[in-house]
Amino acid sequence: MSDNLELNPRALAARLSGKHLIDGQLVGSLSGRTFDVINPATREVIAQSPYGEAADVSSAVESAAAAQKSWAKVKARERGRLISECGRRLMEHVEELGRLVALETGKALRTESRVEASVLADAFTFYGGLGSEIKGETIPFDTNMLTMTVPQPIGVVGAIIPWNVPMLLMALKIAPALVAGNSVVVKSAEEAPLAVLRVAEIMNQVLPPGVFNIISGFGPECGAPLVVHPKVAKISFTGSVETGKLVAKAAAEKIVPVTLELGGKSPMIIFADADLDRVVNGAISGMRFTRQGQSCTAASRMFVHEDIHDAFVERLIARVNALKMGDPLDEATDIGTIISKGQYETVKRYVELGKNTPGAVANVCNKLPDDPRLADGLFLQPVIFTNMTNDMTLCQEEIFGPVTCVIKWSDYETMLSEANGTDFGLAATVWTNDLKLAMDAIHRLEAGFVQVNQNLVVQAALPYGGVKKSGLGKEASLEAMIEHFTKKKTIIINMT
Ligand code: ADP
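Note that the coordinates shown come from a computational prediction; the quantities given were computed from them, not determined experimentally.

1. With respect to the nonpolar core
And then number 1: Counting 72 residues, the largest nonpolar core has Leu-178, Met-203, Leu-207 and Phe-212 as the members making the most contacts within it.
And then number 2: Broken down by element, this core gets its largest block of residues, 11 residues, from helix α7 (residues 166-179).
And then number 3: When residues of this core are sorted by domain, at least three fall in each of domain 1 (3-262 + 470-491) and domain 2 (267-460).
And then number 4: If near-sequence neighbours (up to four positions away) are discounted, Leu-207 is found in contact with Trp-71, Leu-82, Ile-83, Cys-86, Leu-178 and Phe-212.
And then number 5: Listed in part, the 32 residues of the second largest apolar core include Ile-269, Val-347, Leu-380 and Ala-428.

2. Some words on a nonpolar patch on the surface
And then number 1: Residues Ile-139, Phe-141 and Ile-492 make up a contiguous nonpolar surface patch of roughly 300 Å² in combined accessible area.
And then number 2: Here Phe-141 shows up in the loop between α6 (109-128) and β5 (145-153).
And then number 3: For Phe-141, a relative accessible area of 54% gives the class exposed.

3. Structural notes on the site of the ligand
And then number 1: The ligand sits among 16 residues. The nearest are Ile-161, Lys-187, Glu-190, Ser-240 and Thr-243.
And then number 2: Between the ligand and the protein, one listed contact pairs an oxygen atom with a side-chain N or O atom of Ser-240 at 2.7 Å.
And then number 3: For the ligand, an oxygen atom lies 2.9 Å from a polar atom in the side chain of Thr-243.
And then number 4: Compared with its free state, where it exposes 550 Å², the ligand has 81% of that area covered by protein.
And then number 5: Among the elements that take part in the shell around the ligand, helix α9 (residues 219-228) stands out by supplying three residues, more than any other.
And then number 6: Grouping the amino acids of the shell around the ligand by side-chain chemistry returns seven nonpolar, seven polar and two charged.

4. What about helix α11 (residues 276-286)?
And then number 1: Within α11, the full set of buried residues consists of Leu-276, Val-279, Val-280, Gly-282, Ala-283, Ile-284 and Gly-286.
And then number 2: Where α11 is buried, its residues contact β11 (267-270), β12 (301-305), α12 (306-322) and β16 (427-431).
And then number 3: At the N-terminal end of α11, a side-chain oxygen is found 3.1 Å from the backbone nitrogen of Asp-277, two or three residues along, and the residue is Asp-275.
And then number 4: Phi for Arg-288, located one or two positions after α11, is positive at around 50 degrees.

5. Describing the packing of helix α2 (residues 9-16) against helix α8 (residues 194-203)
And then number 1: Put simply, α2 and α8 touch, their axes get as near as 10 Å, and they point 75 degrees apart. As summarised for this structure, α2 and α8 are arranged roughly perpendicular, according to the angle between their axes. Residues Leu-12, Ala-13, Arg-15 and Leu-16 of α2 form the contact with α8, whose participating residues are Leu-194, Leu-197, Arg-198 and Glu-201.
And then number 2: Of the residues belonging to the contact of α2 with α8, the class tally is five nonpolar, no polar and three charged.

6. Description of the packing of aromatic side chains
And then number 1: Applying the stated criterion to the full structure yields nine aromatic pairs.
And then number 2: Ring centres of Phe-271 and Tyr-412 lie 5.8 Å apart, and the angle between their planes is 35 degrees; on these two criteria the pair is classed as tilted. Of the two residues, Phe-271 is situated in the loop between β11 and α11 and Tyr-412 in helix α15 (residues 412-419); the sequence distance between them amounts to 141 residues.
And then number 3: Assessed through its relative accessible area of 17%, Tyr-412 is described here as buried.
And then number 4: When the centroid spacing of 6.5 Å and the interplanar angle of 55 degrees are considered together, the rings of Trp-409 and Tyr-412 count as tilted.
And then number 5: Pairwise contacts between aromatic rings join Phe-35, Tyr-51 and Phe-218 into one cluster.

7. Describing the domain arrangement of the protein
And then number 1: Domains assigned within the protein are domain 1 (3-262 + 470-491) and domain 2 (267-460).
And then number 2: The straight-line distance from the C-alpha centre of domain 1 to that of domain 2 is 30 Å.
And then number 3: Contacts between the two partners involve 35 residues from domain 1, matched on the other side by 33 residues from domain 2.
And then number 4: Of the roughly 2,700 Å² buried where domain 1 meets domain 2, counting both sides, 59% is carbon and sulfur surface.
And then number 5: Where domain 1 touches domain 2, the interface holds three salt bridges.
And then number 6: With its nearest N and O atoms 2.5 Å apart, the salt bridge here joins Arg-114 to Glu-331.
And then number 7: Looking at the side of domain 1 that touches domain 2 residue by residue, the classes come out as 17 nonpolar, seven polar and 11 charged.

8. A few points about the packing of helix α5 (residues 94-105) against α6
And then number 1: With their axes 8 Å apart at the nearest point, α5 and α6 run at an angle of 130 degrees to one another. Viewed along their axes, α5 and α6 adopt a mutual orientation that is oblique. At the point where α5 passes α6, the crossing takes the right-handed sense. Across the interface between the two elements, Val-94, Glu-95, Leu-97, Gly-98, Arg-99, Val-101, Ala-102 and Thr-105 from α5 touch Leu-109, Ser-113, Arg-114, Glu-116, Ala-117, Ser-118 and Leu-120 from α6.
And then number 2: Among the residues forming the contact of α5 with α6, the class breakdown is seven nonpolar, four polar and four charged.

9. Remarks on the environment of Leu-12
And then number 1: Among the structural elements, Leu-12 can be located in helix α2.
And then number 2: For Leu-12, a relative accessible area of 1% gives the class buried.
And then number 3: Distance in space between the C-alpha atoms of Leu-12 and Ile-308 is 49 Å, their sequence separation being 296 residues.

The rules behind each value
Residues numbered from 1 in each chain as written. Predicted model: local features only at pLDDT ≥ 70, side-chain atom pairs only at ≥ 80, totals over all residues. Heavy atoms only, no water. Core = buried A, V, L, I, M, F, W, Y, C linked by side-chain atoms within 4.5 Å. Buried < 20%, exposed > 50% of the residue type's maximum accessible area, 1.4 Å probe, protein only. Helix = DSSP H or I, 4+ residues; strand = E, 2+ residues; numbered from the N terminus. Domains from an automatic or database assignment. Contact = heavy atoms within 4.5 Å. Patch = residues over 30% accessible without salt bridge, like charges linked within 9 Å, V, L, I, M, F, W, Y side chains within 5 Å. Areas by Shrake-Rupley, 256 points an atom, 1.4 Å probe, with all protein chains shown as cover. Salt bridge = Lys/Arg side-chain N within 4 Å of Asp/Glu carboxyl O. Near = heavy atom within 4 Å. Polar contact = N/O pair within 3.5 Å; in protein donor to acceptor, adjacent residues only side chain to side chain. Nonpolar A, V, L, I, M, F, W, Y, C, P; charged D, E, K, R; others polar. Axes fitted to C-alpha atoms, helices over the stretch in contact; angles between N-to-C directions. Parallel < 35°, antiparallel > 145°, perpendicular 65-115°, else oblique. Phe/Tyr/Trp six-rings, centres within 6.5 Å; stacked < 30°, edge-to-face > 60°. Buried area = accessible area lost by both parts, 1.4 Å probe. Left-handed = near helix turned anticlockwise from the far one by under 90°.

Pasting the structure below:
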């Protein structure tokens, strides 16, 4: 296959059409059924994806279970070396993967999709270096006994992933799982099955067959059988709270460990002394406006001190208005589309609800693209709601779209209790130059990931995960690999 062809995302989508990747081979669904993969910018059908069901799941899990036995015997450092090699090859395919994920998700290539592809490659490089860091402990329990713990692979890991950052969120599951000696079966998100399949294809040029399998299909027909499969020994799930509960219940029936990365309603807390330009930049990146707000860490509640509230709102609206909405594959585009018609309708319902909420002010930003080829595309204008109070539905429920709520505050204690006043606890940011103020907020915020004066996305080296209904367990980091992708065996050798 020529490089040129692979840089054409439509041709690549057509080549990958209708395939799972099981046991090192691109294969169709056992039933022969497929479903449409749609480009949300034009609504054209770009490929088919196999309609995976229990039989496809079994085939992938059996392959993974067989491969895992020999994979676990490969020295950890060598497994790491192979994962690093995957990272190196994926880096060579950044452009191709970026274009493919832009085509299927509608995320703009320059601001989002290409960035995801390069961070993806970096996550493999990071984990590839950690093979030799999988270590246990020795415990001075009794001088006549040698007592230690050994981290061992768990077995077959089932990974269920979402559509918003499909390649990166998959990498944060499978890179540590594989380095730790597990094999994996990934169930891709039905809205975005292609780029992750291409990642799997590239990685399967390096890994033994069966170590990394990927199947596509819908949640109840394909995700649920993966969770309940008796040979799946660990589930790692990223998605909605409601599905997360189902996954956790099914894992509890089998008594297998589960990691859940769920939703968020992350507060961005802005003090009166904050540097306004920096804060506005942080609000643009934090709310992921260039990703149409489709992020679980989106800064969807902005608590702004009354002294700088008006100036902040004015600048934020001006900045969002300056972003260009258009064809995701166009280099000039900042903002692409919403992922699917269903999600588009959901977000629109929230916008309508907001407009009908007494007191709320809807600042509708930006312009829809005027290109007639994009007339059916799922483009949605960002809305910055002001004059909001934390008890309003828009401030309590995860919208997963380009809708943020600005809440003016004056009393610190009231604001902080409101910032903590949702079911979620994924991320939070604090904006001030006063370290004492920042430290107090850092310690009291109910969130798994707190940043001051910046709004970075998840980093491979740092533990990431929420509290409250935002999830269970951490992803990313060495610690999360050992804690969530190995099982600890305690060994006592009596030396007498
Ligand atoms: P979203 O609404 O963002 O799509 P979901 O939680 O529905 O979030 O989907 C996240 C992932 O979970 C997707 O891959 C989806 O197919 C999968 N999924 C949905 N329902 C189930 C289920 N009952 N069991 C297992 N996986 C599921």
